[in-house]
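A look at the structure
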2 protein chains.
Amino acid sequence: MRIRVVQVGLGPIGVTVARQLEEREGFELVGGVDLDPAMAGRELAEVCGFAEGRGRRVWADLGDALAELAPDAVTLCTGSSLARVAPTVETCLLAGVSVVSTTEELAFPWLAQPELAQRIDQAGRRGGAAVVATGINPGFAMDALPLALTAVCRRVDAVRVYRLQDAGRRRLPFQLKVGAGLTPEEFADQVASGGVRHVGLRESVEMIASAMGWELDEVTDVIQPRIADQPQRSDELEIPAGRVCGVLQVGTGRQGDRVRVRLGFDAWVGAPGSYDEVQIEGEPSLRSRVEGGFPGDLATASLVVNAVPRVLAAPPGLLTVKDMPPAHCWPG
Amino acid sequence: MRIRVVQVGLGPIGVTVARQLEEREGFELVGGVDLDPAMAGRELAEVCGFAEGRGRRVWADLGDALAELAPDAVTLCTGSSLARVAPTVETCLLAGVSVVSTTEELAFPWLAQPELAQRIDQAGRRGGAAVVATGINPGFAMDALPLALTAVCRRVDAVRVYRLQDAGRRRLPFQLKVGAGLTPEEFADQVASGGVRHVGLRESVEMIASAMGWELDEVTDVIQPRIADQPQRSDELEIPAGRVCGVLQVGTGRQGDRVRVRLGFDAWVGAPGSYDEVQIEGEPSLRSRVEGGFPGDLATASLVVNAVPRVLAAPPGLLTVKDMPPAHCWPG
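Remember, it's a predicted structure, so these values are computed and weren't measured experimentally. Position labels on residues start from 1 in each chain and follow its written sequence. Numbering of ligands from 1 and lettering of chains from A proceed in the order in which they are written. In keeping with the predicted nature of the model, local features appear solely for residues at pLDDT of at least 70, side-chain atom pairs appear and are counted solely at 80 or more, and the whole-chain, interface and lining totals rest on all residues. Hydrogens and waters are ignored; side-chain quantities use all the structure's heavy atoms.

**Structural notes on the environment of V100 of chain A**
All names here are of chain A. Let me state the cut-off plainly: Every helix listed is a DSSP run of H or I at least four residues long, and every strand listed is a run of E at least two residues long, numbered separately from the N terminus. Note on definitions: a residue-residue contact is assigned when non-hydrogen atoms from the two residues lie within 4.5 Å.
With respect to the secondary-structure elements, V100 resides in strand β5 (residues 98-101). Sequence separation between V100 and G282 is 182 residues; the distance between their C-alpha atoms is 33 Å. Here V100 is in contact with V74, T75, L76, V132, T134, V304, A307, V308 and V311, once residues within four sequence places are set aside.

Quick look at the structure:
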């Protein structure tokens, strides 16, 4: 009765997903895969910090792992880039194994990377397996949830989402990822090299617009530093005034001169709290708020695991969260 | 390209749904059906208050209307009782026409009325058509929305929903339906006769429990009057102190001695505002709030109309909102 899952990718998010699969009823973690040669052959339990080993190991070759373990599904947490994960996804699908992935660019790739999207869709249809990408954002807070809220509307003019996060309360890698502690020049370099970019705003903008039937003329994704106007500190960092304490990233979808979708990701050390807010402008207009915000890493791991039963019940091919029954915690 | 719909039931909610079908892109209202002999043969436009007649009329016989108009879907707003609407639903399904209904007892009938549920499911499979019941509650605020929020959780211990409504800002029939202005004795009589009962709490409790995998030992639905402790007034009513100003109805699902689901419907003249709040207890716990609340009648009509494309794309049979892709406003 338990769903047999192989975890592919054993970085921080992958390990968090693996832990849920290990500890939750309804799932059985049967093995792990990671390309890092330092991981190959190690005990999965040791890599993930489980008490019980049960002889499971980390495989270096995905095809071997699928052939030997015959899982029902793969949870895939190896990176944001669709081009880079596409071969892995195709290998799973062609082997008839459905996939839930955290790959942000896979959340709604139909407009940004249509050829890759189609190739993956076809692999799913050929293999009789389905794939969906999810996570807190993209996958939920900035697309699936606001779309679900529009169900009470007879007309929608615009969708706005704002996530404020006190980065000082998140783990250090998150603080560094939003640029905390950098000089403005270093921040600009990091933006140019992609180091501080939060991937997925474009995908959420385009998923919402697609559902609403809005043909967008322009999608922008603008990254600005949040500069500390006074010294800020977290448990791990001291940030002098004038340094970067975080990021404000805004994704916007325009139809003509109308802003149809605006998604604000605002994460900095010293932010006055955390919350997630959705604002629908239309008939009726409404505003929904989660005080404290969704806890990013835990929420992403839960969304991935909770999507596994949904993807197994779905028709084959490439799915997006807007077109499948919503995941819910299971079993409660 | 427009979805052709027949509206069955032309009471207040039915007319609101018909207006959306008439005014929204993507839909074409092709006719109406109502059993009331005073309506039969009248112009649909006149009954609904449309400017344009276009020759559509109100049919007394559903079978005749379906045969003549060949709609893609029926929107059905005739009442809360599954037993009473079942023949109508079956007629549509066996004619191959999918249905979205506001019938509260149809929202999740699998535990309360399993035989009727199965009969309707089979009619859908035989006719190749699908049916789902939705509306603000049941259908969204107290079941689909809280379930969607549990997707960020790795464990759920309890789901609580609370809807506070300032009944004085709603239409008079709503104020009367919640008992405003009655004496406590009259209120008790109305509760006994079913006059002030909000139908659907049991269905939402059982839908949530079913999704979470909780086998409930007890489901209760308790109705209490809200007594005015000082005089209250709406535009339509004056309520002296000591009279009933509204209702607090609480649906509870228990597993052993644990409260797993608690749904509070609290509507009274003089309430200090309106809001909809969902509270998930688990890992993580979270609280989501819509200030001002969902506007009931508009939201219900929108949810029904927005579910039409979903039900047309669904596999045949009896569906519940938890198992189909969530409706969203379409087109935006």
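**Section: the relation of the copies chain A and chain B**
Selection criterion: In superposing the copies, a least-squares fit is computed on C-alpha atoms, taking residues whose pLDDT is at least 70 in both.
Between chain A and chain B, which share one sequence, the superposing operator has a rotation angle of 180° and an axial displacement of 0.0 Å; the RMSD is 0.0 Å. In short, the pair behaves as if placed about a two-fold rotation axis. If distances are taken from each C-alpha of chain A to the rotation axis, the shortest is found for P325 of chain A, at 1.9 Å. With an isologous cut-off of 70% or more, the 100% of interface residues of chain A that recur at the interface of chain B puts this contact in the isologous class.

**A look at helix α5 (residues 114-127) of chain A**
All names here are of chain A. Rules: By this rule the span expected of a helix is its residue count minus one, scaled by 1.5 Å. With a 1.4 Å probe rolled over the protein chains alone, any residue whose accessible area is under 20% of its type maximum counts as buried; one over 50% counts as exposed, and the rest are partly exposed. Here, the arc refers to the directions that run from the helix axis to the C-beta atoms.
Given a rise of 1.5 Å per residue, 14 residues ought to cover 20 Å, and the 20 Å separating the end C-alpha atoms of α5 matches this to within 8%. Those residues of α5 not exposed but buried are L116, A117, I120, D121, A123 and G124. Buried residues of α5, viewed axially, fall in a sector of 160°; they line one side. Turned more than 90 degrees off the buried face of α5, the exposed positions are E115, R125 and R126. Where α5 is buried, its residues touch α4 (82-94), β6 (130-133) and β15 (317-318). Where α5 ends, the next residue or the one after it, G128, has phi of about 70°, a positive value.

**A word on the interface of chain A and chain B**
Definition in use: Once two parts are brought into contact, the accessible area they lose, counted with a 1.4 Å probe and summed over both, makes up the buried area. We count a salt bridge whenever a side-chain nitrogen from Lys or Arg sits within 4 Å of a carboxyl oxygen from Asp or Glu. Polar contact is the term for a pair of N or O atoms within 3.5 Å; when the atoms are in protein, one must be able to donate a hydrogen and the other to accept it, and sequence-neighboring residues count only if both atoms are side-chain atoms.
Between chain A and chain B, the residue contacts involve 46 residues of the former and 46 residues of the latter. Carbon and sulfur atoms supply 61% of the area buried between chain A and chain B, which totals about 3500 Å² over both sides. Its largest share of buried area at the contact with chain B, chain A owes to V152, R154 and G332 of chain A, together 19% of the area lost on that side. Linking chain A to chain B there are four salt bridges. Across the salt bridge formed by R310 of chain A and D323 of chain B, the nearest N and O atoms sit 3.6 Å from each other. Inspection of the region where chain A meets chain B yields 23 residue pairs in polar contact (both at pLDDT 80 or more).

**Some thoughts on helix α9 (residues 201-212) of chain B**
All names here are of chain B. With 12 residues, α9 extends 17 Å from end C-alpha to end C-alpha; this agrees with the ideal 16 Å at 1.5 Å per step. Most of α9 is tucked away: 10 of the 12 residues are buried. Those residues of α9 not exposed but buried are L201, E203, S204, V205, E206, M207, I208, A209, A211 and M212. On its buried side, α9 packs onto α6 (144-149), β7 (155-166), β8 (218-227), β11 (244-255) and β12 (258-268).

**Focus on the pattern of salt bridges**
According to the stated counting rule, one finds 48 salt bridges over all chains in the structure shown. With a closest N to O distance of 3.0 Å, R202 of chain B and E206 of chain B form a salt bridge. Here R202 of chain B pairs with E206 of chain B, and both are found in helix α9, just four residues apart, close to one helical turn. It is possible to trace a salt-bridge network through shared partners that takes in E23 of chain A together with R154, R155, D157, R258 and E283 of chain B.

Everything listed here is a matter of geometry and, on its own, says nothing about what the molecule does.
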